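One-letter residues, chain by chain:
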Amino acid sequence: MQALYNLALTPVAESTADRNSYGFRPGRSTADAIEQCFIALGGHKNCAQWILEGDIKACFDEINHDWLLDNVPMDKQILRAWLKAGFIYRKNLFPTNAGTPQGGVISPTLANMALDGLENLLRAKFYETTRNGRWFSHKVNFVRYADDFIVTGNSPEMLEHEVKPIIREFLAKRGLSLSEEKTKITHIEEGFDFLGQNVRKYNGKILIKPSKKNINSFLDKLRKIIAKNKTAKQENLIGILNPVIRGWANFHRHVVAKETFKTVDSLIWKRLWRWCKRRHPNKGTRWIKNKYFKCIDTRNWVFAANTADKRTLKLYDAFSTKIQRHVKVKAEANPFDPKWETYFEERYYLKIKKHPMLSKRLRTLLNRQEGKCPVCEQPFTEKDKWNVHHVIHVTAGGMDNLDNLRLLHPNCHRQVHTQKWTVR
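About the cut-offs
Residues numbered from 1 in each chain as written. Predicted model: local features only at pLDDT ≥ 70, side-chain atom pairs only at ≥ 80, totals over all residues. Heavy atoms only, no water. Helix = DSSP H or I, 4+ residues; strand = E, 2+ residues; numbered from the N terminus. Buried < 20%, exposed > 50% of the residue type's maximum accessible area, 1.4 Å probe, protein only. Contact = heavy atoms within 4.5 Å. Lys, Arg positive; Asp, Glu negative; His and termini not counted. Charge placed at Lys NZ, Arg CZ, Asp CG, Glu CD. Salt bridge = Lys/Arg side-chain N within 4 Å of Asp/Glu carboxyl O. Axes fitted to C-alpha atoms, helices over the stretch in contact; angles between N-to-C directions. Parallel < 35°, antiparallel > 145°, perpendicular 65-115°, else oblique. Left-handed = near helix turned anticlockwise from the far one by under 90°. Nonpolar A, V, L, I, M, F, W, Y, C, P; charged D, E, K, R; others polar. Arc of directions from axis to C-beta. Phe/Tyr/Trp six-rings, centres within 6.5 Å; stacked < 30°, edge-to-face > 60°. Lys NZ or Arg CZ within 6 Å of the ring centre and 35° of its normal. Pairing = 2+ DSSP bridges. Patch = residues over 30% accessible without salt bridge, like charges linked within 9 Å, V, L, I, M, F, W, Y side chains within 5 Å. Areas by Shrake-Rupley, 256 points an atom, 1.4 Å probe, with all protein chains shown as cover.

Draft legend 1. The arrangement of the overall build of the protein chain in detail. Across its full length, the protein chain carries 15 helices and 16 strands. The dimensions of the protein chain, computed from C-alpha atoms along their principal axes, are 70 × 65 × 65 Å. Within the protein chain, buried positions represent 44% of all 424 residues. Sequence-distant contacts in the protein chain: of pairs separated by 6 or more residues, those separated by 24 or more amount to 63%. With 73 positive and 43 negative side-chain charges, the protein chain shows a spacing of 10 Å between the two charge centroids.

This is how it looks when you write it as structure tokens:
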């Protein structure tokens, strides 16, 4: 039920959303938020130097129910029932007098709608103008991802005495407040952490790198995985580690992370070497090396194993992840507005083409088809799956060469075979 209402509410939320809000919104991501930070803080010479790091205290748990009922355009009776339903923990019912539904599908949309409007409020207050015939700007920029946000400004005094009171008043109407312990004002040369990245200027040049906290959290996760699999087969351990390493590296592939990847790979190798030595305390270094490490291409000491089907399964190294500059979504773009349809189709196509998990063969097929299914002529999106179709069937002598292959939507592929359609 919540999913159905959320489908209807999301287009409304998109039309009223802040331009630079990026969390839990279709077509937007953390990479867009980080790129906006780069634009606001390092995109030009006279950019802002001071940052207010905002943290809302228990945002999802404290949003005022009355405000939601008065301002969210949906069935009030249904919304009230969800908000007041409470939750059961260890056979005890806990009532909810504030906040959005615990774990509800619609909760992120409701939270976004409650926080939308703050950027426009700041823009109306701190607009660009002229003073004594010269152009003047407060350099106020707003970037938000869910309940985490930053506000830039040209001085710490302005952020403390002018911006903060506006934010407090805005949040108070919604039953929310700033966390005074976590909300602080920072100079860009000191740097700050935002969404797992560290944003900082070095000698006047802004560099965005993975934050130390994020790196340590990732390494702790890997240590726990390795510790839990002390007696596991090498190929099973590699199978568990690879998705974790690949996912973390892909998350950071849009920032200055190459040196970090190299360091992380070294630390992972050391941890795996201890794992190997623990399993064979009476064996020598050469024996252990020959059993668990291989020479692949030009690299030696690669943690790899031969599988039952005679494949070589190797540990994914973060350093092999390509660094790619992310192209930020346009702030005013709305995926539910027909005039932006072509724009988002092009973005999805480029995103699929650049996806690190996409093989060279599939990438070539996508390029040939211009990112569209030849049956329905609709573009593939980032959420779509596809099937590889043989124009001339294998049973009829068709080959696996690119000229005989097409990428189709799964449903289109089924119809081609059941209806015996011809695909060109």
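Draft legend 2. Representation of the side chain of H413. On the secondary structure map, H413 appears in helix α15 (residues 410-419). When its relative accessible area of 14% is taken as the criterion, H413 is described as buried. Not counting residues up to four positions away in its chain, the partners in contact with H413 are N387, V388, H389 and L408.

Draft legend 3. Inspection of the pattern of salt bridges at higher detail. Taken as a whole and judged by the stated rule, the model has 13 salt bridges. Measuring nitrogen to oxygen at the nearest pair gives 3.9 Å for the salt bridge that ties K164 to E180. You can see K164 sitting in helix α8 (residues 156-172) and its partner E180 sitting in the loop between α8 and β8 (184-187), a full 16 residues away along the chain. Residue K164 is classed as buried on the basis of its relative accessible area, which comes to 6%. Overall, E180 belongs to the partly exposed group, its relative accessible area being 43%. The salt bridge partner of R368 is D403, with a shortest N-O separation of 2.9 Å. Linking R368 in helix α14 (residues 360-368) with D403 in the loop between β15 (387-390) and β16 (405-408), this pair joins segments that are 35 residues apart in sequence.

Draft legend 4. Seen up close, the packing of helix α11 (residues 258-279) against helix α12 (residues 285-292). Between α11 and α12, the shortest axis-to-axis distance is 10 Å and the interhelical angle comes to 115°. Classified by the angle their axes make, α11 and α12 are roughly perpendicular. By crossing handedness, the relation of α11 to α12 is classed as right-handed. Seen from α11, the contacting residues are W273, W275, C276, K277 and R279; seen from α12, they are T285, I288, K289 and Y292. In terms of residue class, the contact of α11 with α12 is built from five nonpolar, one polar and three charged.

Draft legend 5. Local environment of helix α7 (residues 118-125). All of the buried residues along α7 are L118, E119 and L122. Projected down its long axis, α7 shows its buried positions confined to an angular sector of 100°, all on one face. Contact partners of the buried residues in α7: α6 (107-115), β6 (142-145), β7 (148-153) and α8.

Draft legend 6. The arrangement of the packing of aromatic side chains in detail. In the structure shown here, the tally under the stated rule is 16 aromatic pairs. Relative to W301, the ring of W269 lies with its centre 5.6 Å away and its plane at 70°, an arrangement referred to as edge-to-face. Pair noted here: W269 is in helix α11 and W301 is in strand β13 (residues 299-306), with a separation of 32 residues, a long-range link. The interplanar angle of 70° and the centroid separation of 5.5 Å between the aromatic rings of W273 and W301 together place this pair among those described as edge-to-face. One end of the pair, W273, is in helix α11; the other, W301, is in strand β13, with 28 residues separating them in the sequence. Ring-pair connections join several aromatic residues into one group, and the members of that group are W269, W273, W275, Y292, F293, W301 and F303. Here R246 stacks its cationic end above the ring of Y316, 4.3 Å away from the centre of that ring. Between the NZ or CZ atom of K258 and the centre of the ring of F319, over which it lies, the distance is 4.7 Å.

Draft legend 7. Representation of the sheet that holds strand β14 (residues 312-314) within the structure. Pairing in this open sheet of three strands is antiparallel, and the strands run β12-β13-β14 from one edge to the other. Edge positions in the sheet fall to β12 (293-296) and β14, since each of these pairs with one other strand and no more. On average, adjacent strands in this sheet sit at an angle of 60° to one another, irrespective of strand direction. In this sheet, β14 lies alongside β13 in antiparallel orientation, the contact comprising three bridges. Across the sheet, residue A305 finds its bridge partner in β14, namely L313. Strand contacts of helix α10 (residues 234-251): β13 and β14, with the helix running at about 110° to β13, the strand carrying the most contacts. In the packing of α12 onto the sheet, the strands contacted are β12 and β13, and the crossing angle to β12 comes to about 60°.

Draft legend 8. Region of interest: the sheet that holds β6. Read across the open sheet, the four strands follow the order β6-β7-β1-β8; overall the sheet is antiparallel. Looking at the sheet topology across the chains shown, the edges are occupied by β6 and β8. Strand after strand, the sheet turns through a mean of 20° between neighbouring axes, direction not considered. Pairing analysis gives four bridges linking β6 to β7, with the strands arranged antiparallel. Bridge assignment links Y145 to a residue of β7, and that residue is D148.

Draft legend 9. Highlighting a nonpolar patch on the surface. Side chains of F87, Y89 and F94 sit close together on the surface and give an oily, nonpolar patch of about 280 Å² of accessible area. If you trace the backbone, Y89 turns up in strand β2 (residues 87-89).

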